[in-house]
Amino acid sequence: MNKKNLIQLILACGILLSLIGCGASRSAVGGEVTGIRLASWNEPAPYGMVKIPEGHILLGDKASDSLWGEKPFVRPISVGAFWMDKHEVTNAQYRQFVHYVRDSIIRERLADPAYGGDETYRITEDKYGEPIKPYLDWSKSIPTEKQANDDELRAINSLYYTNPATGKKSLDPKQLLYRYEEYNYRLAALYRNQLHQPKGNEKWEREIEKPVIITKDTAWIDQSGLVHRETLTRELKSEYDFISTYIVPIYPDEVCWVNDFPNSTNETYTKLYFNHPGYDDYPVVGVSWEQANAYCAWRTNFYLRGTKIPEGQVVEAFRLPTEAEWEYAARSGNSNNVYPWNSEDLESDEACYLGNFKPAEGDYTADKHLITAEVESFSPNDFGLYDMAGNVAEWTSTAWSYSGQKLMDDVNPEYSYWASFLDAHIKTMKVVKGGSWKDVARYIRSTSRSKDFQDRAHSYIGFRCVRTAISFKK
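Quantities reported herein were computed from a predicted structural model and do not represent experimental measurements. (Residues numbered from 1 in each chain as written. Predicted model: local features only at pLDDT ≥ 70, side-chain atom pairs only at ≥ 80, totals over all residues. Heavy atoms only, no water.)

1. Comments concerning the overall build of the chain
Working step 1: Within the chain one finds 10 helices and 17 strands.
Working step 2: The burial tally for the chain puts 41% of its 474 residues in the buried class.
Working step 3: In the chain, of all internal contacts separated by at least 6 residues, the share reaching a separation of at least 24 is 69%.
Working step 4: Of the roughly 28000 Å² of accessible surface on the chain, a fraction of 52% belongs to carbon and sulfur atoms. (Helix = DSSP H or I, 4+ residues; strand = E, 2+ residues; numbered from the N terminus. Buried < 20%, exposed > 50% of the residue type's maximum accessible area, 1.4 Å probe, protein only. Contact = heavy atoms within 4.5 Å. Areas by Shrake-Rupley, 256 points an atom, 1.4 Å probe, with all protein chains shown as cover.)

This is the structure:
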């Protein structure tokens, strides 16, 4: 074979290989459909959470209550897998939220020209020197009282309040405001076609209401520092109409101990419960439904900033559990369980109570705890969850209605109602589950339902977070 023929053979082989390669390519003009697979990514287990498997349960109580005149009602439902805090959010965990808000406000003020204007507390450029939307530089420490100059001390102390009668210095709850935005994916899904209506056969098109009127919440702070909250009602124009803005005062209501029990000497807890290290691992109380939601939003943002997530992958937000998720988890997916433990007994074989509640009239200490107990003081249920009966009752995301369970779908059920700021207060009630340290046995049953206003806080209501699990059957 001469040199010319050899070159022609090499070129021909190259063209053939190229054609074969193109035929196998997923971006080829033609060929077999092989699919385009996404990069795999294993969702890390969130710290302090247990994975609740998907499953089925008969939601509600099968037995009637002759004493209270309640008729039995059960609803077969199924829920998907989700992560759930193994115990209620503690004082120490919620305090991390409070300190984050405190430190972010102090950093903003240290950068404010009114307090010295140290711009190094804000990052305003990218690594190439191009201007960007300013954000706080958390790598720069807040000076201590000994290190701070007069302007810095003024900025730091501006967030505190000194009681003129007692001289006690403490954080000013009115200033500890957390602002967050929430995109309503459900509402966006309902009205997506109204924004981007696909073209089709006009005879087949369903009739679409025009214009579509939506409501969204917004909030802002005026120059005097006053928070304004408003519900807007207007015609749907863009995806921004699915974003609501909230500004929430997040410091726990420490005086709830006295307000809940006005004829008592519980003022000790107002001073110590959230501020003494001995209570670090006790469930946080004095937190409203609105504050619990703010904590969930902060926890999501805090988690995302500290986690490297592959491009294109999604991590679900932390949130409050639905009533159905909470009950399913409390009963370990077993419709026969009345309590989180696998019997209707309230005591173990050793005659020890299985949860923190009020076993008898006026007897709070029979379970060895006067008020709340340190989390994980009692045995977990079969899913590995602690204190799903008693200790503190827990907020759910579900709106309260006597017939709410009948209105829900039977797959991932939820009854939602986001009350407008113009609504009557009665419409702001949310479902509370689990019963508390102050409740008798009837109210710590996993099927029992209670309620409270979303803006109210009590010494016997706390919460725990969940997160939808990205889970697949193998």
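2. So, helix 8 (residues 289-305)
Working step 1: Over its 17 residues, helix 8 extends 25 Å from the first C-alpha to the last, a length consistent with the 24 Å expected when each residue adds 1.5 Å.
Working step 2: A large share of helix 8 lies buried, amounting to 13 of its 17 residues. (Expected span 1.5 Å × (residues − 1).)

3. Comments concerning the packing of aromatic side chains
Working step 1: The full count for this structure, using the stated rule, is 33 aromatic pairs.
Working step 2: Plain terms: the ring middles of Tyr100 and Trp298 are 6.0 Å apart, the flat faces sit at 55° to each other, and that makes the pair tilted. Of the two residues, Tyr100 sits in helix 2 (residues 91-111) while Trp298 sits in helix 8, which places them 198 residues apart along the sequence.
Working step 3: For the ring pair Tyr339 and Trp341, a centre distance of 5.2 Å and an interplane angle of 10° mean the geometry is stacked.
Working step 4: Classification of Tyr339 as buried rests on a relative accessible area of 6%.
Working step 5: Looking at Trp341, the relative accessible area reads 14%, which means it is buried.
Working step 6: Its end group placed over the ring of Trp289, Lys430 keeps NZ or CZ at 4.5 Å from the ring centre. (Phe/Tyr/Trp six-rings, centres within 6.5 Å; stacked < 30°, edge-to-face > 60°. Lys NZ or Arg CZ within 6 Å of the ring centre and 35° of its normal.)

4. Points about the sheet that holds strand 4 (residues 82-85)
Working step 1: Spatially, the three strands line up as an open sheet ordered 1-4-17, and their pairing is antiparallel. Every other strand in the sheet has two partners, leaving strand 1 (49-52) and strand 17 (466-468) as the edge strands with one partner each. Within this sheet the neighbouring strands show an average axis-to-axis angle of 25°, counted without direction.
Working step 2: The pairing of strand 1 with strand 4 spans four bridges and is antiparallel. What sits directly across from Met49, in strand 4, is Asp85. (Pairing = 2+ DSSP bridges. Axes fitted to C-alpha atoms, helices over the stretch in contact; angles between N-to-C directions.)

5. Some words on the pairing of strand 12 (residues 243-249)
Working step 1: Burial analysis of strand 12 places six of its seven residues in the buried class, the great majority of the element.
Working step 2: Relative to strand 12, strand 9 (residues 177-183) runs antiparallel, the two sharing seven bridges. Counted as the bridge partner of Tyr183 is Ile243 from strand 12.

6. What to know about the pattern of salt bridges
Working step 1: As enumerated under the stated definition, the model contains 19 salt bridges in all.
Working step 2: The partner of Arg234 in a salt bridge is Asp241, and the shortest N-O contact between them spans 2.7 Å.
Working step 3: Given the relative accessible area of 36%, Arg234 is considered partly exposed.
Working step 4: Across the pair Glu323 and Arg449 runs a salt bridge whose closest N-O atoms are separated by 2.6 Å. Here the residue Glu323 occupies a position in helix 9 (residues 323-330), and Arg449 occupies one in the loop between strand 14 (429-433) and strand 15 (450-453), the gap between them amounting to 126 residues.
Working step 5: We classify Glu323 as buried; its relative accessible area is 0%. (Salt bridge = Lys/Arg side-chain N within 4 Å of Asp/Glu carboxyl O.)

7. Quick word on the environment of Thr245
Working step 1: Along the polypeptide, Thr245 turns up in strand 12.
Working step 2: On the basis of relative accessibility, which here comes to 10%, the residue Thr245 falls in the buried class.
Working step 3: In this structure the C-alpha to C-alpha distance between Thr245 and Arg179, which are 66 residues apart in sequence, comes to 7.3 Å.
Working step 4: Dropping the residues within four chain positions of it, Thr245 is found in contact with Arg179, Tyr180, Glu181, Asp217, Thr218 and Ala219.

8. Some details on helix 3 (residues 150-157)
Working step 1: Within helix 3, the full set of buried residues consists of Glu152, Ala155 and Ile156. Viewed along the axis of helix 3, the buried residues span an arc of 95°, placing them on a single side of the element.
Working step 2: Buried residues belonging to helix 3 abut helix 2 and strand 7 (160-162).
Working step 3: Measuring from the side-chain oxygen of the N-cap residue of helix 3 to the backbone nitrogen of Asp151 gives 3.1 Å; that N-cap residue is Asn149. (Arc of directions from axis to C-beta. Polar contact = N/O pair within 3.5 Å; in protein donor to acceptor, adjacent residues only side chain to side chain.)

9. Comments concerning the side chain of Ser420
Working step 1: Topologically, Ser420 is positioned in the loop between helix 10 (404-407) and strand 14.
Working step 2: At 3.4 Å, the side chain of Ser420 and the side chain of Thr231 are in polar contact.

10. Description of unusual backbone geometry
Working step 1: Although it is not a glycine, Ser332 adopts a positive phi angle of roughly 55°.
Working step 2: Locating Ser332 in the fold gives a position in the loop between helix 9 and strand 13 (393-399).
Working step 3: Note on Ser332: relative accessible area 13%, which makes it buried.

11. Concerning the nonpolar core
Soluble globular proteins tend to bury their nonpolar side chains together.
Working step 1: Ranked by internal contacts, the top residues of the largest apolar core, which has 57 residues, are Tyr94, Phe97, Leu176, Tyr178, Ile250 and Phe463.
Working step 2: For this core, the secondary-structure elements that each account for two or more residues are helix 2, helix 3, strand 9, strand 12, helix 6 (256-260), helix 8 and strand 13.
Working step 3: Per element, the largest residue contribution to this core is nine residues, and it comes from helix 2. (Core = buried A, V, L, I, M, F, W, Y, C linked by side-chain atoms within 4.5 Å.)

12. Considerations on the sheet that holds strand 13
Working step 1: Taken in spatial order, the four strands of this open sheet run 15-14-13-16, and their pairing is mixed. This sheet does not close on itself; its edge strands, each paired only once, are strand 15 and strand 16 (461-462).
Working step 2: When strand 14 meets strand 15, the two strands line up antiparallel, connected through four bridges. Bridging across to strand 15, Val431 finds its partner in Lys451.

13. A closer look at a negative patch on the surface
Working step 1: Taken together, the side chains of Glu344, Asp345, Glu347, Asp349 and Glu350 make up a negatively charged region of the molecular surface.
Working step 2: Structurally, Glu347 is set in the loop between helix 9 and strand 13. (Patch = residues over 30% accessible without salt bridge, like charges linked within 9 Å, V, L, I, M, F, W, Y side chains within 5 Å. Lys, Arg positive; Asp, Glu negative; His and termini not counted. Charge placed at Lys NZ, Arg CZ, Asp CG, Glu CD.)

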